[in-house]
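Breakdown of the fold
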Amino acid sequence: MSSTRTLGGSAQRPITIAVLAMGGQGGGVLVDWIVDLAEHNGYLAQSTSVPGVAQRTGATIYYIELFALSHLSAHANGQTRQPVLALMPVPGEVDIVICSELMEAGRAMQRGLVTPDRTTLITSTHRDFATLEKVVPGNGIADHHAVLSAAQKHSQRFIQADMQSLAKSSGSVISAVLFGALSGANELPFTPTAYEETVQRAGVGVQASLKAFAAGAKVVAQALAAAPLVDAADPMATAPQPLPQRAASAAVEPLRLRIETQFPPHAHAMLGAGLQRVMEYQDIAYGTEYLDRMQAVYSADQNAGGAARGFAATAECARWLAVAMSYDDVIRVADLKTRPARFARVREEIGAPAGEIVGTVEFFHPRLEEIYGLLPPKLVRTIDGIGWVRKLLTLAIGDGKRIRPHTLRGQLMLQAMAGLRRWRRHSLRHATETEHIQAWMDKVVATLPVDYALAVEMIVCRRLVKGYSDTHARGSSKFDQLMRAATLLALQSDAAEQLRGLRTAALQDAKGDALRAKWVQLGLPA
Amino acid sequence: MAERSFAAEVQQLRAEPGTVFRGEGILAVTKALLESGVGYVAGYQGSPISHLMDVLSDAQPILKELGVHFEPSASEATAAATLSASVMYPIRGAVTWKSTVGTNVASDALSNLASGGVTGGALIIIGEDYGEGSSIMQERSHAFAMKSQMWLLDPRPNLTSITQAVHTGFALSEASRTPVMLQMRVRSCHVHGSFVTQENKRPAFTLKEALESPVRDTSRIVLPPAAYLHEHEKILDRWPAAVRYIEEHQLNEFFDGDIDDLGIIMLGGMYNNTLRALMAHGMADLFGNSRLPLYVMNVAYPVIESEVLRFCEGKKAVLVIEEGQPEYHEQTLHTIVGRAGVRTTIHGKDMLTMAGEYTVTELKKGLAAFLDRYRPSALAQAKPLAWVRKPESASAVPAAAPVAKAPSTQIAVTSPQAAVAAAAPLRLAAPELNGIVPPRPPGFCVGCPERPIFSAMTLVQEQLGQHHIAGDIGCHLFAAMPPFHIGASTMGYGLGASSAAALNVDASKRSIAIMGDGGFWHNGLTSGIGNAVFNKADGVIVIVDNNYSAATGGQDILSSRADNTHRSTYHAIETAVRGVGVEWVRTVRHTYDVTTMRNTLNEALTTNYKGPKVVIAQSECSLNKQRRVKPQIAAAVKRGERVVKEKFGVDAAVCSGDHACIRLSGCPSLTLKNSGDPLKPDPVAHVDDGCVACGHCGEVADAAVLCPSFYRTEWVRNPSRWERTVDTWRRKAVGWLQQRQQRALQARSLYVEVL
């Protein structure tokens, strides 16, 4: 791969450039710069675009053709022969493709604009997720690895970097970084100075633009020294930190030791994360409860021949049991909203220096169910029958609360709510959740010796239960449905695979259309 | 105030004659209008000619200097009727709009204009919105030219040809007393190129002179018996005059080629891409030298019979390149050749696709078919059609030739998801990315005040069940896309309410119709609201009032709450609606208040009141607002004034990763990120830097009782001394409470760092 191929175009054909950008990314500015650069440096430039409705968040394709004035020759009659320039990129005939986002690079490839005999592909690798990726209740994010490796395959030269973050750190916009990358790529017959002069001529935000431009130009050199192109890790997953050598609190040390000595090593990190979560959530005793339950699963795992399967059941259960035991409630939310680390994060998010006055307004809107959840079961049974109490409570909740944790009043309110932790074990919600968890664990333990893979799937199904109010209810009902499916499928040889299919379907849309379809497809009773 | 300012660019309109003018197509057209001595210009905005209106609007000082009158018309019909100033007076007038939608609206006036004929040159510049990126149904303006007997120019897509067409358009119009349409394709409107300028001219005869010495002539009015005579006049006088002018001034172009028994006839607008396709076959060079003779019709209508016959002389076959359907030119050429007894075979839509845009790839295919039939040897020497691939992948990939899609599969689309999929381009290359690269249909902007209206509508439907919702043209049509999936029809600009007209019978549910403020003033006030009052409709009409004609680029309209030195604004929609007899009107002045929006819609759908119920949802277009407000805030901060800077955020630890908020909002700024929590593998919601703190996400989470992870950050810039004191005190107290809590947390912690 040559790093210094310079396209000059020829007397026979122009230099062709396609720019794919999303609305608001300054694709038009980038194109204007390229045109200005060419026109000031001895080239004819023609650019076109098809914005249409794509001006609103959709994607726009711009197309530029450049032709050296030096290649113009005169007719017999003395008139200069003008080149006839095309108005749209032609698959297979594009020299440079510039994309302001990774999936736009994918789109350029799908259109055949990127070809290995000719095209230099310059793209930002950052993601601006499309709506269809975002609305999925689970993880609907497109596979960026596929696009990156396709880019390497389809392009002659591939220049990639997270240009969005470079733009941000330069206090400028992505178009300036891309312009820098184009300069650094050294594909066009123009000097870096000529590029910089173009930015200066534009006269808007010149200093920031030049800084971003320089960052973009430098990226190319770094990309050529290329670190591994495709990062194998899923960008949306976080690995747990390793189990510490000693617990931070002496009181927790026995529990840490218990993980270290009584559980398989590769589950240690996740067990640590799980233990931390449930103790933060409730107390050390709750941590003991967590490990007791885990112990039961682990011994069932051992008996079921889990060693041969790397104790997959124990490893998965370490995560999902912790999630189940730390079910989302008002107490936990209040606790999280009062943490000092969160205050720092909020400041960082808006870029406010330490001395500045920064506060937040929190949107709380518990339903009557959430209030009931906090009370002891007996009390709920008593008062729920009384109309005026119900009315009074509903009135008290009203249209929700706006709480400001940076004020003394707000902080006290939230800490008081978080303090309800001490009564949590006696609440209606806790009783319900514990019962639910126990039933689930019992089923898992009972299934392990019969169908190990199915038991693992049953553990992972817990992923469906999340959130508050309606979201929680929706997830729980799907989870219960899958547990029912597990029972129905129990004796089939591919039960685990089928349950996994159902779970994937359940995470595809909120209304459960995909799950229903899959359910019917598997011939399960309604 | 329009979305894009051309204040700097319009200075080029003053360029000295003989200057090389560099710029966009629409700016070049404006310059050519001034060079032509135009007396008045009008039009209605819409892609791809929105910017032409914006340029004219920003050029008002220059227009005034030259004595040119400009007005943004109420609709395309108004614009077309405006041209009647050129019927009796020798004044050149030009109007512009998006076609074919605008031409549909204008067609009544156009028919009358064309029947009586004109004295001053009348030029209609139409933005032919056909092909990729088009926002309307795919039709051709050509039909209008034919039926009303107006001439249609389709110049080669370079600025020299386009500006020349403006000049010749006026001259042709005057020579044949006929209005002339100048067609600008999408890419020509936005093409950046250059041409050499001429001198700007003041109109020879002014509107003032016309007003002060009026003239009338009954024979020019479309009334019998004059109307009947017009029909003959069009054919017997005006047509021959036009043909004469076109021939004499050589508006169409002939290019020789060495393969002289074959030829290509094409519309001017198709020239550049056809040449590129010929180049690919080795049949032409970059400078327009073609081995096949070319006849380029810069005048699409009328077709000049003598020129066609001259071109076809001695030719075995010609290929007609004409985009879209029906194949008007092909049919005409068959007639001409057949009547003359010429034995040239005419090919066209048998070798090129009947429907859809003629991309270079499509043209390459058509030319290959033509050459393969008549001169395979020429094709054999040419470059291959397919692009070069890496050898190892060559066998795995099917032939590069794209497969034409039957139109029926596109019509059968039912779900919005399918519509999104169908809107995506044909997937030819990189098949390994099929199903991976997500489609990116247009949607509401960050902070858009329309999004909460549709969130509210979603919530109302969750309560009251699904309703029939009639959509309209405008940004609000994006509600049809994910995540809202709202809107069952779109019948035309301002026709939201009227498209629910039939659904006015006793039923347990009412219809909902949506209309934008742009559509409302365009025609919706009469066609929708007046109609609903008169016919005692019982449905609900939601008028989206965002201060501007937002979808076309944020132009001012009657109800704009903005000062405009040239126009009269601040005319409230509510007053107009009450004026035509609507009794039940609710105006929501802050659409971001999803709860109020939801309750208002709920009330409209459930009230006992019989009759049309109009909900006016009023908040300023975010694009315009940000452009207006951002510099003001920055300046205020700089001046040291107290400003509270707001942004929304999501607590990753609290967010459940279910994304219900995104399904109810769809804000581009509301996105996803890694939860940062090993226990939470699903990505969590995240508000990115694009947030303009409209508050919609928080409101929606609150109204739908979703989750408490949303918060609004308030950063007080330039606080008062008192605020600083309070803040210091607060921080101490809150900090002490937090430390206390942190110690308790540490006492039950495995890790040193607790977040």
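Residues numbered from 1 in each chain as written. Chains lettered and ligands numbered in written order. Predicted model: local features only at pLDDT ≥ 70, side-chain atom pairs only at ≥ 80, totals over all residues. Heavy atoms only, no water.

**Quick notes on the overall build of chain A**
A tally of regular secondary structure across chain A gives 23 helices and 8 strands. Taking 526 residues into account, the globule formula puts the C-alpha radius of gyration at 24 Å, and chain A, at 30 Å, lies well above it. When the 526 residues of chain A are sorted by exposure, 57% land in the buried category. Partitioning the intrachain contacts of chain A with sequence separation of at least 6 by distance along the chain shows that 71% fall at a separation of at least 24. Computed over 54 positive and 48 negative side-chain charges, the separation of the two mean positions in chain A equals 5 Å. (Helix = DSSP H or I, 4+ residues; strand = E, 2+ residues; numbered from the N terminus. Rg over C-alpha atoms; globule rule 2.2 N^0.38 Å. Buried < 20%, exposed > 50% of the residue type's maximum accessible area, 1.4 Å probe, protein only. Contact = heavy atoms within 4.5 Å. Lys, Arg positive; Asp, Glu negative; His and termini not counted. Charge placed at Lys NZ, Arg CZ, Asp CG, Glu CD.)

**Some thoughts on the overall build of chain B**
Looking only at helices and strands, chain B features 27 helices and 25 strands. In terms of C-alpha radius of gyration, chain B reaches 30 Å, essentially the compact-globule figure of 27 Å for 755 residues. Its C-alpha atoms put chain B at 100 × 75 × 60 Å along the principal axes. Contacts spanning at least 24 positions in sequence make up 77% of the contacts within chain B whose residues lie at least 6 apart. Summed over all atoms, the accessible surface of chain B reaches about 29800 Å², with 56% contributed by carbon and sulfur. Charge separation in chain B, taken as the distance between the mean sites of 73 positive and 73 negative side-chain charges, equals 6 Å. (Areas by Shrake-Rupley, 256 points an atom, 1.4 Å probe, with all protein chains shown as cover.)

**A closer look at the UniProt feature "domain: DUF6537" (unreviewed entry) in chain A**
Sites flagged by UniProt as "domain: DUF6537" (unreviewed entry) map to residues 268-484 of chain A. With 70% helix and 5% strand, residues 268-484 of chain A has its two end C-alpha atoms placed 31 Å apart. (UniProt positions renumbered as here; feature names shortened; annotations may be inferred.)

**Thoughts on the interface of chain A and chain B**
On the chain B side, the residues contacting the 160 residues of chain A number 133 residues. At the boundary of chain A with chain B, total buried surface from both sides reaches about 12300 Å², with 56% on carbon and sulfur atoms. Scanning the region where chain A abuts chain B turns up 17 salt bridges. In this structure, the salt-bridge partner of Arg463 of chain A is Asp682 of chain B, at a minimum N-O distance of 2.3 Å. Here chain A is connected to chain B by 61 residue pairs in polar contact (both at pLDDT 80 or more). Counting residues per element, the side of chain A that touches chain B draws most heavily on helix α10 (residues 268-281) of chain A, at 10 residues. Looking at the side of chain A that touches chain B, its residues break down into 76 nonpolar, 41 polar and 43 charged. Sheet topology places strand β7 (residues 357-364) of chain A next to strand β25 (residues 710-717) of chain B; 6 bridges connect them, and they run antiparallel. (Buried area = accessible area lost by both parts, 1.4 Å probe. Salt bridge = Lys/Arg side-chain N within 4 Å of Asp/Glu carboxyl O. Polar contact = N/O pair within 3.5 Å; in protein donor to acceptor, adjacent residues only side chain to side chain. Nonpolar A, V, L, I, M, F, W, Y, C, P; charged D, E, K, R; others polar. Pairing = 2+ DSSP bridges.)

**Section: the sheet that holds β7 of chain A**
Pairing is antiparallel in the open sheet, where 4 strands are placed in the order β8(A)-β7(A)-β25(B)-β22(B). A single partner strand is all that each edge strand has here, and the edge strands are β8 (401-403) of chain A together with β22 (643-650) of chain B. Neighbour-to-neighbour, the strand axes of this sheet turn through a mean angle of 25°, independent of strand direction. (Axes fitted to C-alpha atoms, helices over the stretch in contact; angles between N-to-C directions.)

**Examining the sheet that holds strand β17 (residues 540-545) of chain B**
Residue and element names in this part refer to chain B. Within the open sheet, the 5 strands sit side by side as β15-β16-β17-β21-β20. Their pairing is parallel. Of all the strands in the sheet, just β15 (469-470) and β20 (584-588) have a single pairing partner and so form its edges. Pairing geometry for strand β16 (residues 512-516) and β17, over 5 bridges, is parallel. Its bridge partner lying in β17, Met515 is registered against Ile543.

**Remarks on the domain arrangement of chain B**
Split into domains, chain B comes out as domain 1 (17-199 + 214-247), domain 2 (253-381), domain 3 (451-624) and domain 4 (642-736). For domain 1 of chain B versus domain 4 of chain B, the separation of C-alpha centres amounts to 52 Å. (Domains from an automatic or database assignment.)

**Details of the UniProt feature "domain: Thiamine pyrophosphate enzyme TPP-binding" (unreviewed entry) in chain B**
Within the UniProt annotation, "domain: Thiamine pyrophosphate enzyme TPP-binding" (unreviewed entry) is assigned to residues 472-616 of chain B. Along residues 472-616 of chain B one finds 26% helix and 17% strand; the C-alpha atoms at either end are 15 Å apart.

**Quick notes on the confidence of the model for chain A**
Chain-level pLDDT for chain A is 90 on average; 94% of the residues reach the 70-or-more range. Ranking the elements of chain A by mean pLDDT puts helix α17 (residues 387-397) of chain A last with 82 and strand β4 (residues 96-99) of chain A first with 98. (pLDDT = per-residue confidence, 0-100.)

**Points about unusual backbone geometry**
Residue and element names in this part refer to chain B. Following Ser99, the chain continues to Thr100 via a peptide bond in cis, the omega torsion being 10°. With respect to the helices and strands, Thr100 occurs in the loop between β4 (93-99) and α6 (101-116). The omega torsion across Tyr301 and Pro302 is 5°, close enough to zero to call that bond cis. Inspection of the secondary structure puts Pro302 in the loop between β12 (299-301) and α13 (305-312). At Ala430, a position not held by glycine, the phi torsion is positive, near 45°. Along the chain, the position of Ala430 falls in the loop between α19 (416-423) and α20 (451-464). Positioned with a positive phi, Lys536 is a non-glycine residue whose angle comes to about 50°. Among the structural elements, Lys536 can be located in the loop between α21 (517-534) and β17.

**Quick word on the domain arrangement of chain A**
Reports of interface size often rely on the accessible area that becomes lost once the parts have come together. Looking at the assigned domains, one finds that chain A contains domain 1 (15-224), domain 2 (330-428) and domain 3 (450-526). Placing the centre of domain 1 of chain A and that of domain 2 of chain A at their C-alpha centroids yields a distance of 49 Å.

**Comments concerning helix α12 (residues 271-280) of chain B**
Structural remark: α-helix, 3.6 residues per turn; residues separated by three or four positions point the same way. Residues and elements named next belong to chain B. Burial within α12 is extensive, with 10 of its 10 residues counted as buried. Taken together, the buried positions of α12 are occupied by Tyr271, Asn272, Asn273, Thr274, Leu275, Arg276, Ala277, Leu278, Met279 and Ala280. Gly282 occupies a position one or two residues after α12 and carries a positive phi of about 70°.

**What about the packing of helix α11 (residues 284-303) of chain A against helix α12 (residues 312-325) of chain A?**
Residues and elements named next belong to chain A. Contact geometry of α11 with α12 gives a least axis separation of 10 Å together with a crossing angle of 150°. Relative to α12, α11 is oriented roughly antiparallel. Crossing of α11 against α12: the hand is right-handed. Counted together, Tyr286, Glu289, Tyr290, Arg293, Met294, Val297, Tyr298 and Asp301 of α11 and Ala312, Ala313, Thr314, Cys317, Ala318, Leu321, Ala322 and Met325 of α12 form the full contact between these two elements. In terms of residue class, the contact of α11 with α12 is built from 12 nonpolar, 1 polar and 3 charged. (Parallel < 35°, antiparallel > 145°, perpendicular 65-115°, else oblique. Left-handed = near helix turned anticlockwise from the far one by under 90°.)

**A short note on the pairing of β25 of chain B**
Residue and element names in this part refer to chain B. The buried fraction of β25 amounts to 7 of the 8 residues, a majority that puts the element mostly inside the structure. Judged from the 8 bridges that link them, β22 and β25 form a sheet pairing that is antiparallel. Looking at β25, one finds that Phe648 is bridged to Arg712.

**Re the packing of aromatic side chains**
Aromatic ring pairs are described here by two measures, namely the spacing of the ring centres and the angle between the planes. Per the counting criterion, the structure on display carries 28 aromatic pairs over all chains. Both rings, one in Phe179 of chain A and one in Phe213 of chain A, keep their centres 5.8 Å apart while their planes meet at 55°; by these two values the pair is tilted. Within this pair, whereas Phe179 of chain A is found in helix α6 (residues 174-185), its partner Phe213 of chain A is found in helix α8 (residues 206-224), the two being separated by 34 residues in sequence. Look at Tyr195 of chain A and Phe213 of chain A: their rings are 6.1 Å apart centre to centre, the planes differ by 35°, and that puts the pair in the tilted class. Of this pair, Tyr195 of chain A sits in helix α7 (residues 192-202) while Phe213 of chain A sits in helix α8; the two residues are 18 residues apart in sequence, bridging distant segments of the chain. No difference in accessibility class separates Tyr195 of chain A from Phe213 of chain A, as the two residues are buried. Aromatic ring contacts, followed pair by pair, group Trp33, Phe179, Tyr195 and Phe213 of chain A into a single cluster. In this structure, Arg586 of chain B is placed above the aromatic ring of Trp584 of chain B, and the distance from its NZ or CZ to the ring centre is 4.0 Å. (Phe/Tyr/Trp six-rings, centres within 6.5 Å; stacked < 30°, edge-to-face > 60°. Lys NZ or Arg CZ within 6 Å of the ring centre and 35° of its normal.)

**With respect to the pattern of salt bridges**
Taken as a whole, this structure holds 74 salt bridges over all chains when the rule is applied. A salt bridge links Glu356 of chain A to Arg717 of chain B; the shortest N-O distance between them is 3.9 Å. You can see Glu356 of chain A sitting in the loop between α14 (340-350) and β7 and its partner Arg717 of chain B sitting in strand β25, one on each of two chains. Using a relative accessible area of 18% as the deciding quantity, one classes Glu356 of chain A as buried.

**Let's talk about a nonpolar patch on the surface**
On the surface, a nonpolar cluster with roughly 340 Å² of combined accessible area is contributed by Ile386, Trp388 and Leu392 of chain A. Secondary-structure assignment places Trp388 of chain A in helix α17. (Patch = residues over 30% accessible without salt bridge, like charges linked within 9 Å, V, L, I, M, F, W, Y side chains within 5 Å.)

**What to know about the packing of α6 of chain B against helix α11 (residues 226-248) of chain B**
Residue and element names in this part refer to chain B. The interhelical angle for the contact between α6 and α11, taken along N-to-C directions, is 65°, at an axis separation of 8 Å. Judged on the interaxial angle alone, α11 and α6 are roughly perpendicular. Of the residues in α11, those touching α6 at Ala114, Ser115 and Gly116 are Ala227, His230, Lys234 and Arg238. Residue classes in the contact of α6 with α11 are distributed as 2 nonpolar, 3 polar and 2 charged.

**Describing α6 of chain B**
All names here are of chain B. Spanning 16 residues, α6 covers 24 Å between terminal C-alpha atoms, matching the ideal 22 Å at 1.5 Å per step. The sharpest bend along α6 comes to roughly 60°, located at Ser107. For α6, the complete set of buried residues consists of Gly102, Thr103, Ala106, Ser107, Ala109, Leu110, Leu113, Ala114, Ser115 and Gly116. After α6 finishes, the residue Gly117 shows a positive phi value of roughly 85°. (Expected span 1.5 Å × (residues − 1). Bend = angle between axes of the 7 residues up to and from the residue.)

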